[in-house]
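# Structural description and commentary
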Amino acid sequence: AKKEGVEDLELKEKEFESYRDKIQTKKIFAGAKGIGRFSCDRLGNILILTSKKASSIATFEQLEVDWGDFEKDSKEEFIDIKVKHRTLQSVAKEYKKLQNGTILEISSLNSKWDRQKKLNLKYSLEKLINPFEDNPLNGFSIVIEDQEEAKGDSPKRNKRTDVNGPVKNFVFETLGLKTTQIITEIDPTGEFITSTLLDRGTVIYKTRRVNDTDPKLVNIKIHLFHLNRSAKLNFNKMMGIDSVNFGSIFLYKNGFRIPPYGYYGFDYFGLDSRKAQRHFNRFGTRALIGRIEIIGNNPDFREITSRDGGLVRNEHYAALVKLLIARTLVKLENYANNVLFTNKEDKDKDDLSALNNIKAKSGLLKLISNEIDDEQTELLETNRDNLSLRVQELLK
């Protein structure tokens with residue numbers, strides 16, 4: 001019902017009242033069928049699901065599931081196994097704040113949750129919601145409340161090493177002024193591919209070409225950062241963790257992260273094996289961080305219904321990988337190898353002094369010329385100061 005946009009059609013107009021302004025006109029469909037159920041089963045033996053719909057006359061409905069009931073007889077059909085259902089006549093104190101929505105309570109846990117495991121959960125949740133400002137899930141928040149761990153948290157609270165408090169999303173853009181980055185976007189109509197290369201906050205070039213992806217992709221955004229030595233030090237200072245241990249290229253669909261993309265040690269796009277073929281001029285996962293964003297109704301990108309399955313490997317997935325590597329990463333590598341790395345002493349600085357030499361500027365001019373060397377591509381923006389050789393100044 002959520003996927004087809006009919007979830008609230010059964011509600012009559014008179015039932016909305018104070019809820020009218022709060023109900024989203026278009027809900028985001030996330031996940032794949034069965035993943036949530038398997039997740040609840042894996043975490044604990046008992047699930048109590050309490051739900052109340054957005055209506056002034058709605059009641060609290062509750063299901064109680066014992067997953068052990070589904071394991072007693074392997075020949076019994078899933079749909080024939082009974083679960084407890086009740087309409088709550090009196091509402092518990094912890095439910096009264098819920099105007100509408102769902103509460104999941106999982107008990108008889110299958111593993112011990114010590115402090116480190118809770119912190120690992122917090123660090124994972126930091127990456128769950130795409131922090132991009134146009135994310136349709138803006139306003140979605142995650143808060144951890146654990147009285148048992150409060151004594152181990154800092155007095156001022158909300159440090160990254162505290163268990164309790166709101167979970168803050170990691171914002172990739174905070175690295176923007178200290179490193180080189182590239183943004184590739186396909187608009188919602190699928191008409192154009194726009195590429196924007198930035199270095200230390202300065203636009204190097206912005207181009208637009210007719211979308212010739214096959215099959216045609218729409219509403220896609222890729223944002224990659226190259227991490228030189230300075231950027232890695234800055235990341236460690238900001239996050240308290242080395243970038244290589246944080247992860248590499250994450251994938252989000254309508255705001256929610258799709259695992260295992262981005263996990264440390266998972267190279268689903270084959271970047272490290274690709275780098276091994278030509279060691280010096282290709283970037284692997286240790287030198288990159290960023291995200292792929294699939295937005296809106298993109299039904300061809302489907303999740304595999306298994307833990308850490310990722311997306312179904314179909315022709316659209318292959319086109320997405322090609323967009324990532326051939327249309328995004330290669331452009332970033334070409335700029336780094338032909339412009340930034342022309343002066344080895346400058347390539348790890350956190351400013352644009354690397355462009356203040358004739359080799360770099362000549363390389364940049366040639367790079368931009370190659371980018372627009374066909375009728376399908378137009379140059380939308382560039383910083384002309386970077387193309388000026390200023391020979392007299394360089395010879396002083």
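In short, a report on the structure.

Rules used throughout
- Residues numbered from 1 in each chain as written.
- Predicted model: local features only at pLDDT ≥ 70, side-chain atom pairs only at ≥ 80, totals over all residues.
- Heavy atoms only, no water.
- Helix = DSSP H or I, 4+ residues; strand = E, 2+ residues; numbered from the N terminus.
- Contact = heavy atoms within 4.5 Å.
- Areas by Shrake-Rupley, 256 points an atom, 1.4 Å probe, with all protein chains shown as cover.
- Phe/Tyr/Trp six-rings, centres within 6.5 Å; stacked < 30°, edge-to-face > 60°.
- Lys NZ or Arg CZ within 6 Å of the ring centre and 35° of its normal.
- Buried < 20%, exposed > 50% of the residue type's maximum accessible area, 1.4 Å probe, protein only.
- Pairing = 2+ DSSP bridges.
- Axes fitted to C-alpha atoms, helices over the stretch in contact; angles between N-to-C directions.
- Parallel < 35°, antiparallel > 145°, perpendicular 65-115°, else oblique.
- Left-handed = near helix turned anticlockwise from the far one by under 90°.

### Digging into the overall build of the protein chain
- Summing up its helical and strand segments, the protein chain has 10 helices and 14 strands in all.
- Intrachain contacts of the protein chain at a sequence separation of at least 6 include 67% that bridge at least 24 residues.
- In the form shown here, the protein chain has an accessible surface area of approximately 23000 Å², with 50% of it arising from carbon and sulfur atoms.

### What to know about the environment of arginine 42
- Here arginine 42 is to be found in helix H2 (residues 35-43).
- Arginine 42 sits 68 residues away from asparagine 110 along the chain, and the two C-alpha atoms are 7.1 Å apart.

### Quick word on the packing of aromatic side chains
- Here the structure, examined in full by the defined rule, presents eight aromatic pairs.
- On the basis of an interplanar angle of 20 degrees and a centroid distance of 6.4 Å, the ring pair of phenylalanine 60 and tyrosine 95 is categorised as stacked. Of this pair, phenylalanine 60 sits in the loop between strand E1 (44-52) and strand E2 (61-66) while tyrosine 95 sits in the loop between strand E3 (84-87) and strand E4 (101-109), placing them 35 residues apart in sequence.
- Within the aromatic cluster, the residues linked to one another by ring pairs are Tyr261, Tyr263, Phe266, Tyr268 and Phe269.
- Between lysine 117 and the ring centre of tryptophan 113, over which it is positioned, the NZ or CZ distance is 4.6 Å.

### As for unusual backbone geometry
- Residue proline 215 follows aspartate 214 across a cis peptide bond; omega there is -5 degrees.
- Checked against the element boundaries, proline 215 lands in the loop between strand E9 (202-210) and strand E10 (220-226).
- Residues proline 259 and proline 260 are joined by a peptide bond in cis, for which omega reads 10 degrees.
- Note that proline 260 resides in the loop between strand E12 (256-257) and helix H6 (271-277).
- For serine 108, which is not glycine, the phi dihedral falls at a positive 55 degrees.
- Summarising the element assignment, serine 108 is placed in strand E4.
- A relative accessible area of 41% places serine 108 in the partly exposed class.
- Despite not being glycine, asparagine 219 has its phi angle at roughly 55 degrees, a positive value.
- Mapped onto the fold, asparagine 219 is located in the loop between E9 and E10.

### A few points about the sheet that holds E1
- Within the open sheet, the four strands sit side by side as E3-E2-E1-E4. Their pairing is antiparallel. Where the open sheet ends on each side, the last strands, each with one partner, are E3 and E4. Strand-to-strand, the axes of this sheet are offset by a mean angle of 15 degrees, without reference to chain direction.
- Sheet topology places E2 next to E3; four bridges connect them, and they run antiparallel. For glutamate 61, the partnering residue across the bridge sits in E3 and is threonine 87.
- Contacting E1 and E4, H2 crosses the sheet at an angle of about 130 degrees to E1.

### What to know about the packing of helix H7 (residues 315-338) against helix H8 (residues 358-371)
- Packing of H7 against H8 leaves a shortest axis separation of 9 Å and a crossing angle of 155 degrees. On the basis of their axis angle, the class for H7 and H8 is roughly antiparallel. Once H7 is placed against H8, the crossing between them reads as right-handed. Of the residues in H8, those touching H7 at Lys331, Asn334, Tyr335 and Asn338 are Lys359, Gly363, Leu364, Leu367 and Glu371.

### Describing the pairing of strand E13 (residues 288-294)
- The element E13 is extensively covered by neighbouring structure, given that seven of its seven residues are classed as buried.
- Of the two faces of E13, the one carrying Leu288, Gly290, Ile292 and Ile294 and the one carrying Ile289, Arg291 and Glu293 are both buried.
- In the sheet, E10 pairs with E13 via seven bridges, with the strands oriented antiparallel. Of the residues in E13, the one forming a bridge with leucine 224 is glycine 290.
- Where strand E11 (residues 249-253) meets E13, five bridges bridge the pair, whose relative direction is parallel. By the bridge assignment, leucine 251 is partnered in E13 with isoleucine 292.

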